[in-house]
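Okay, here's what each chain looks like letter by letter:
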Amino acid sequence: MKCDVLTIFPEIFNAYLSEGMLKRASQKGLIDIHVHNLRDYTKDKHRTVDDYPYGGGSGMVMKPDPFFAAIEALNPEPLNRRVITLSPAGKQFNQEMALELSTEPRQLIFLCGRYEAVDERVRIALADDELSIGDYVLTGGELPSLVIIDAVARLIPGVLGDEHSAEIESFSWGILDYPHYTRPPEFEGLKVPEVLLSGNHKDIERWRRKEALRRTVLRRPDLLEKFSLTEEDKKLMNEIKEDSQ
Ligand code: 4HQ
């Protein structure tokens, strides 16, 4: 994943990108992330990135020209880049989009807005995708960019361990995870489910699948609309129904 970020607050990215899996992925050359200060692409002595809104109103608007100059400098070839803007008005980012972005051969360029908004011409002329990370209002596009970079990077082969690549392609994709436990077997009176200590891998697999389905039907039944249940799943779902009666 080749990825560049344009922001007036490049420091925001340092802490997150220099720890954990993303740091290791960078060191291994699996991801290549560069964060650029948008002010470096201004031409006036005050390095101005914002201005008053035409038509009046509150708040400032980010000027288009620093974004245009930066993209021209980073990658002037529209065919070799994929420019992403962040906005609650964008398409809601999800795991399917993360998977799709993880195989993108073009350079990803994230444009992070601040203040009230970004001049509309940036979206019209430069953006290939406008994405939202959810229905709430943030103060800038930096956190959404990091969220998307994180979700995409972990899907790149080699970034996480081998168990995870199995997990990505696994049949539990699209439903919630089962409950996890580690030692001790009893903590504050709360016991680890017996089956997990049994050593019976067939039973453990069945229990995990059932609990994953139980959580999904209880907490996120909407996820099951797009999910096709196997014959074994249907049996487990009937058991779940009986358990609740
Ligand atoms: N923004 N998902 C950047 C968001 C947002 C979101 C508000 C984007 C502020 C300047 N972006 N502007 N939610 O709240 O992507």
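Here is what the cut-offs are and how they apply
Residues numbered from 1 in each chain as written. Predicted model: local features only at pLDDT ≥ 70, side-chain atom pairs only at ≥ 80, totals over all residues. Heavy atoms only, no water. Core = buried A, V, L, I, M, F, W, Y, C linked by side-chain atoms within 4.5 Å. Buried < 20%, exposed > 50% of the residue type's maximum accessible area, 1.4 Å probe, protein only. Helix = DSSP H or I, 4+ residues; strand = E, 2+ residues; numbered from the N terminus. Contact = heavy atoms within 4.5 Å. Pairing = 2+ DSSP bridges. Near = heavy atom within 4 Å. Polar contact = N/O pair within 3.5 Å; in protein donor to acceptor, adjacent residues only side chain to side chain. Areas by Shrake-Rupley, 256 points an atom, 1.4 Å probe, with all protein chains shown as cover. Nonpolar A, V, L, I, M, F, W, Y, C, P; charged D, E, K, R; others polar.

## Some remarks on the nonpolar core
Reasoning step 1: By size, the foremost hydrophobic cluster in this structure holds 30 residues, and its most contacted members are Met1, Phe93 and Phe110.
Reasoning step 2: For this core, the secondary structure elements donating two or more residues are strand S1 (2-7), helix H1 (11-17), helix H2 (20-27), strand S5 (81-92), helix H4 (95-101), strand S6 (107-111) and helix H6 (142-153).
Reasoning step 3: The biggest single contributor to this core is H6, with six residues.
Reasoning step 4: If near-sequence neighbours (up to four positions away) are discounted, Phe110 is found in contact with Cys3, Asp4, Val5, Leu6, Ile84, Leu86, Ser145, Ile148 and Ile149.

## Observations concerning the pairing of S6
Reasoning step 1: By the criterion of burial, S6 is predominantly enclosed, with five of the five residues buried.
Reasoning step 2: Because side chains alternate across S6, one face comprises the buried residues Gln107, Ile109 and Leu111, and the other comprises Leu108 and Phe110, equally buried.
Reasoning step 3: Bridge count for S1 against S6 is four bridges, and the pairing is parallel. Looking at S6, one finds that Leu6 is bridged to Leu111.
Reasoning step 4: With five bridges joining them, S5 and S6 adopt parallel strand pairing. Bridge pairing links Thr85 to Leu111 in S6.

## Overview of the site of the ligand
Reasoning step 1: For the ligand, the set of nearby residues contains 15 residues, the closest of which are Ser87, Ile133, Gly134, Tyr136 and Leu138.
Reasoning step 2: Within the backbone of Gly134, an N or O atom sits 3.1 Å from a nitrogen atom of the ligand.
Reasoning step 3: When the ligand is considered free in solution it has 360 Å² of accessible area, and contact with the protein chains removes 93% of it.
Reasoning step 4: For the shell around the ligand, the secondary structure elements donating two or more residues are S5 and strand S8 (129-132).
Reasoning step 5: With three residues, S5 is the single largest residue contributor to the shell around the ligand.
Reasoning step 6: Residues of the shell around the ligand, tallied by class, amount to eight nonpolar, six polar and one charged.

## What about the environment of Lys28?
Reasoning step 1: Of note, Lys28 is situated in the loop between H2 and strand S2 (32-37).
Reasoning step 2: Considered as a pair, Lys28 and Gln92 are 64 residues apart in the sequence and their alpha carbons are 30 Å apart.

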